[in-house]
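Close look at the chain arrangement
What follows is the residue order along each chain.
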Amino acid sequence: MQPEYRYYLIKGGKVMKAVKEYQARYEGMDLIRKGFGEHYGATATWARPDRVYGYVFPAQPPVGWKMIAGLPKGVCIPDRSTQEGMEIYKVMRGLPQLPDPEFFAVRCGLDPYAENGNLAWPSFEYVGRTPVLMVPENDEQELPGIIEELCKSKYWAMKEAEAA
């Protein structure tokens, strides 16, 4: 079960620096992952932050790749029954992981919040062009940086304006 969050506008300081570090790392790692797939003609990556599972090909996959029933249309994985596929698989396993919320929180000096056996990390998102810090509702730790608390109604109004 996900915790409720409190929201803060990030206006500078340590938290803004952490946002920029996270973004730079994310963009760099994502570029490597996308570039690997594009080398083979893939149009998209099928992955989670911790692992690339496959790539989306617009037509028949190239040598070394195969489609598997049950995966979304066009998603292919390395065909490990072939030498080419095994080589692709080995390289793909070494592709970088995207940074997770812990990467961001540690750079802010924030700890995870534990409730009912679950860990929740402070995180951030952009609402439009505005960076917003998200902290679990019951987390009482002191927050660093230059931030301004947002009431939930203003946060959701910003989200709705962004979607419009």
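Let us look at the structure shown here. (Residues numbered from 1 in each chain as written. Predicted model: local features only at pLDDT ≥ 70, side-chain atom pairs only at ≥ 80, totals over all residues. Heavy atoms only, no water.)

If you tally the helices and strands in the protein, you get four helices and ten strands. Ordered by position from N to C terminus, the α and β elements of the protein give β-α-β-β-β-β-α-α-β-β-β-β-β-α. Referenced to the eigenvectors of the C-alpha coordinate spread, the extents of the protein come out at roughly 55 × 35 × 30 Å. For the protein, with 164 residues in total, the buried portion stands at 38%. For the protein, the share of sequence-separated contacts (at least 6 apart) that also reach a separation of at least 24 residues comes to 55%. Total accessible area computed for the protein in this model is approximately 10000 Å², and 52% of it derives from carbon and sulfur atoms. (Helix = DSSP H or I, 4+ residues; strand = E, 2+ residues; numbered from the N terminus. Buried < 20%, exposed > 50% of the residue type's maximum accessible area, 1.4 Å probe, protein only. Contact = heavy atoms within 4.5 Å. Areas by Shrake-Rupley, 256 points an atom, 1.4 Å probe, with all protein chains shown as cover.)

Glancing now at the nonpolar core. For soluble globular proteins, the rule of thumb is that nonpolar side chains tend to be buried together. With 16 residues, the main nonpolar core has Ile-10, Val-15, Val-19, Phe-104, Cys-108, Phe-124 and Leu-133 as its most contacted residues. Looking at which element gives the most residues to this core, the answer is helix α1 (residues 13–39), with five residues. Leaving out residues up to four positions away in the same chain, Phe-124 has contacts with Ile-10, Val-19, Tyr-22, Gln-23, Phe-104, Val-132, Leu-133 and Met-134. (Core = buried A, V, L, I, M, F, W, Y, C linked by side-chain atoms within 4.5 Å.)

Here the focus is the sheet that holds strand β8 (residues 123–127). Strand order in this open sheet of four strands is β8-β9-β1-β10, and the pairing throughout is antiparallel. For this open sheet the edge positions go to β8 and β10 (146–150), each flanked by a neighbour on one side alone. Across the sheet, the mean angle from the axis of one strand to that of its neighbour is 35°, orientation sign disregarded. Across five bridges, β8 lies against strand β9 (residues 130–136) in antiparallel orientation. Paired with Tyr-126 across the bridge in β9 is Pro-131. Contacts between α1 and the sheet are confined to β1 (5–12), β8, β9 and β10, with β1 contributing the most and set at about 90° to the helix. (Pairing = 2+ DSSP bridges. Axes fitted to C-alpha atoms, helices over the stretch in contact; angles between N-to-C directions.)

Attention shifts here to the packing of α1 against helix α3 (residues 101–108). In contact at an axis separation of 8 Å, α1 and α3 are set at 150° when each is read in the N-to-C sense. One finds that α1 runs roughly antiparallel with respect to α3. In this structure, α1 crosses over α3, and the sense of that crossing is right-handed. Only Phe-103, Phe-104, Arg-107 and Cys-108 of α3 make contact with α1, whose side of the interface consists of Lys-14, Val-15, Ala-18, Val-19, Glu-21, Tyr-22 and Arg-25. Class assignment for the residues of the contact of α1 with α3 results in seven nonpolar, no polar and four charged. (Parallel < 35°, antiparallel > 145°, perpendicular 65-115°, else oblique. Left-handed = near helix turned anticlockwise from the far one by under 90°. Nonpolar A, V, L, I, M, F, W, Y, C, P; charged D, E, K, R; others polar.)

Read these as geometric descriptors, not functional statements.
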